[in-house]
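Structural characterization, general
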Amino acid sequence: MCMTMATSSGGCLNVQSLRSRESALRSCQCDSMMLRLGFARSPSPSTARHIAHCSLFTRSLLRKNTPHTVHKSSGPAKALQFVQKSVAVSFRLSRDSFRSSGAVCFSMASGGDGPTRSKPPKHTNRLSKEKSSYLLQHAHNPVDWYPWGKEAFDKAKNEDKPIFLSVGYSTCHWCHVMERESFEDEEIGKILSENFVCIKVDREERPDVDKVYMTFVQATSGGGGWPMSVWLTPDLRPFIGGTYFPPRDMGRRAGLKTVLLRIIEQWKYNRETLESSGERVLEALRKGTAISANPGETPPSGPDVANRCFQQLAQSYEEEYGGFREAPKFPSPVNLMFLMSFWAVNRATTEGAEALHMALHTLRMMALGGIHDHVAQGFHRYSTDSSWHVPHFEKMLYDQAQLAVAYITAYQVFGEHFFADVARDVLLYVSRDLSDKSGGFYSAEDADSFPTAESAEKREGAFCVWTAGEIRELLPDFVEAATGGVTQADIFMHHYGVKEQGNVDPAQDPHGELQGQNVLIVRYSVELTAAHFGISVDRLSKLLAHARTKLAEVRRARPPPHLDTKMLASWNGLMLSGFARVGAVLEDEALLKQAEQAACFLKQHLWDDQGQKILHSCYRGNNMEVEQIASPIAGFLDDYAFVVCGLLDLFEATQKVRWLEWAEELQQRQDELFWDSQGSGYFCSDPSDPTLLLALKQDQDGAEPSANSVSAMNLQRLSHLTGRQEWMQRSQQLLAAFSDRLLKVPIALPDMVRSVMAQHHSLKQIVICGQPDAEDTASLISSVSSLFLPHKVLILADGNTEGLGFLYKRLPMLSTLVPQDGKATAYVCENFTCTLPVTCPQVLRRLLLE
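Keep in mind that what you see is a predicted model, and the values were worked out from it rather than measured.

So, on to the pairing of strand 19 (residues 792-797). Burial analysis of strand 19 places five of its six residues in the buried class, the great majority of the element. By the bridge criterion, six bridges tie strand 18 (residues 764-769) to strand 19 in an arrangement that is parallel. Residue pairing in the sheet places Ile768 in a bridge with Leu796 of strand 19.

What follows is the structure, encoded as structure tokens:
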């Protein structure tokens, strides 16, 4: 999903120099809009007309050459006449040209402590009392910022002022470009503070607010991304929206100052048109974004939807380097997991083989590419080129979580240790750099940092890149018996594509930040490199490992990028799944222990026992302790769905019933808070919140899977683990609500397609009867864990029926399944009918693969 993805390098924005990156961004925006508003739901003529009217009005205000003198309109006809005259020139410009003026977006990186970091702040606003890293980065702007809340809303109503809503996040590059250029500008700060109530929102802290206004911006501007800039009435209704704005006019592009003055004028003389235009679009969006099931509707056919999803992915697949577009390229774990699930039920077909190749080749090329940090582990956000070479250097927790699962799944499928090593590599990075001592995980690591301690300006990738001279200085020793009398540096540079002049294509470096620098990328297999230099593969592997260790030591001495220490329940739930799944497959007790610590963190710090609700976020305080804000943010649908999924993965990995019990409890609360009893499916946030103007159900699996997609599978798993048939029915109702989307454009919901497939094939209950600590029990469990079985749940029945524990109460059939001949025994059950008992791990493996 393009909205949640990012790009661009640091430095001041120069539209003419963005070249390939900006054109890629624009095509990404266009694809996102086509999926969201075109493919999935064709708006009715009246809906399209209302949105078009507001879009015209928006473009007229954001166009530099719009006349400033406007007379008060007496009605929609005159307002539209004004709009048509104002945007006459606009129609001669391309849509992409417009988006580059108001929506140069999808960008992440850093900011906050630039060249003035050592100077005492000249200004301090009320954001200084917040705990969000992003809000704190704006605490010293000459703007009278408010956080989202009643104080700001009341001020807007009492003073009858429009609201300027600015949304971003702490590692968003263009957010900080806009901060430096506009929000630190005294003149612009004065205009904002005197004429608007200015509200700053961290989209990771308030995804509910972000989703509502991003829907409006996408509909009316033709694109979306961050920073998001939206102007609202005092009752929170949007009337103009865009993304990044330069401070002042650039060519034909209106700067923020011009836009602000124009909106002030319109608010004074043409307010009725502003308000009515925005209201018409909102009403159209309420209808256009509605997702519901018709009475008696059933989910679509699993094989049909799965085949269509595969065909759509195959059409967008890039064969040389893998991935699903030319550039920029995003990891898209949801696509990869679907392809491996599709293979699992189509092993004997050419389509199944093709799906597996697409997934494995993409995972392999990513791991070899520059998007993979070969020195300090983990994956960057995405690649700016088609070969996965030059990344946007930000690292996000949700990427690490999903990629760990994708790589360990590839290991289960293919058996190649390369994929298991990458999964471990990801978790090593998270354990070292993104983990809090409480057991929780931080949100992100920035793309930008200071090249040296003396530097006054951050640069993208400065923490991660190398000059050839640095490599030669670090690895000067000659390698005995190697061909040609070469040094360690020669071998390292050959293997990782290091060049004397740098290996970054200038087209991927529009601001020259990476000039002369090298992004490490594996250019040859270890066999080829070893043969080239006449040494053994084993010796080469040790040499490269030693070299990477030396580079890692040097990197640790560099100024580190900004770390967003906000801890989110949703992303911690994803990471819980990562540690549990990898730990189970590799039988690694340390990883499973860290997974349990994460679950304990969630229960201790992000579960309100008194209110019986999940809390969305908590923060690392100045004393390195976990802190909470005065009014904690209640959890959203993502928080419940991702945590429930993580707990189910942890239960299957450890067979500790308490995690299943908590998962059931959370699912019940999720149903109470977010289920749409009329149209089915889950709302993204509390539908009764009066400050949210749209009740949305996320219908796209993007950088993160849709919470409805995850919930559809959670409900099926819980039904088979607890015997509650109503949850199976609820999963079917949810999938029926998304039928139109699934039938027309399943590529938008590959994770939900996996749930449709599971409904069709039905989940198997694999029951292991035996003592938990016995070797034969462990052997049977290991046989199950070694395989990728997308449609199963794993249950350990230890025979302890005293008092009838949780599992035996919920699944009475377990009492009928017993060990055979004193040995741990496996039963494979489907629809409450079980196979003959199996005691041999190899036989069980063959049975599961049938």
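Now for the pattern of salt bridges. By the definition in use, this model includes 48 salt bridges. Among the ionic pairs, Lys131 bridges to Glu627, the shortest N-O distance being 2.7 Å. Taken as a pair, Lys131 in the loop between helix 4 (95-102) and helix 5 (133-136) and Glu627 in strand 17 (residues 626-627) lie far apart in primary sequence, 496 residues in all. Under the relative-accessibility criterion, Glu627 is labelled partly exposed at 28%.

Quick look at the packing of helix 19 (residues 526-533) against helix 20 (residues 537-556) now. Following both chains from N to C, one finds helix 19 and helix 20 inclined at 100°, their axes separated by 9 Å at the closest point. One element, helix 19, and the other, helix 20, form an angle in the roughly perpendicular class. Here Val526, Glu527, Thr529 and Ala530 of helix 19 come into contact with helix 20, specifically with Val537, Leu540 and Ser541. For the contact of helix 19 with helix 20, the per-class residue count stands at four nonpolar, two polar and one charged.

Looking now at the sheet that holds strand 13 (residues 566-568). Pairing within the open sheet is antiparallel, and its three strands lie in the order 13-16-17. The open sheet is flanked by strand 13 and strand 17, the only strands paired with a single partner.

We now examine empty space enclosed by the protein. The tally for this structure, following the rule as stated, stands at six cavities of 30 Å³ or more. The calculated volume of the largest cavity comes to roughly 770 Å³. Residue lining of the largest cavity: 34 residues in total, with Val405, Arg581, Asp649, Arg717 and Arg754 positioned closest to the centre. Breaking the lining of the largest cavity down by element, the ones donating at least two residues are helix 13 (333-345), helix 15 (397-414), helix 21 (569-586), helix 23 (637-654), helix 25 (707-722), helix 28 (750-761), helix 29 (775-785) and strand 19.

Thresholds applied
Residues numbered from 1 in each chain as written. Predicted model: local features only at pLDDT ≥ 70, side-chain atom pairs only at ≥ 80, totals over all residues. Heavy atoms only, no water. Buried < 20%, exposed > 50% of the residue type's maximum accessible area, 1.4 Å probe, protein only. Helix = DSSP H or I, 4+ residues; strand = E, 2+ residues; numbered from the N terminus. Pairing = 2+ DSSP bridges. Salt bridge = Lys/Arg side-chain N within 4 Å of Asp/Glu carboxyl O. Axes fitted to C-alpha atoms, helices over the stretch in contact; angles between N-to-C directions. Parallel < 35°, antiparallel > 145°, perpendicular 65-115°, else oblique. Contact = heavy atoms within 4.5 Å. Nonpolar A, V, L, I, M, F, W, Y, C, P; charged D, E, K, R; others polar. 1 Å grid on protein atoms, 1.4 Å probe; cavity = no way out; pocket = protein on both sides within 12 Å on 5 of 7 lines; lining within 4 Å. Points joined across faces, edges and corners; volume = space filled by probe spheres on them.

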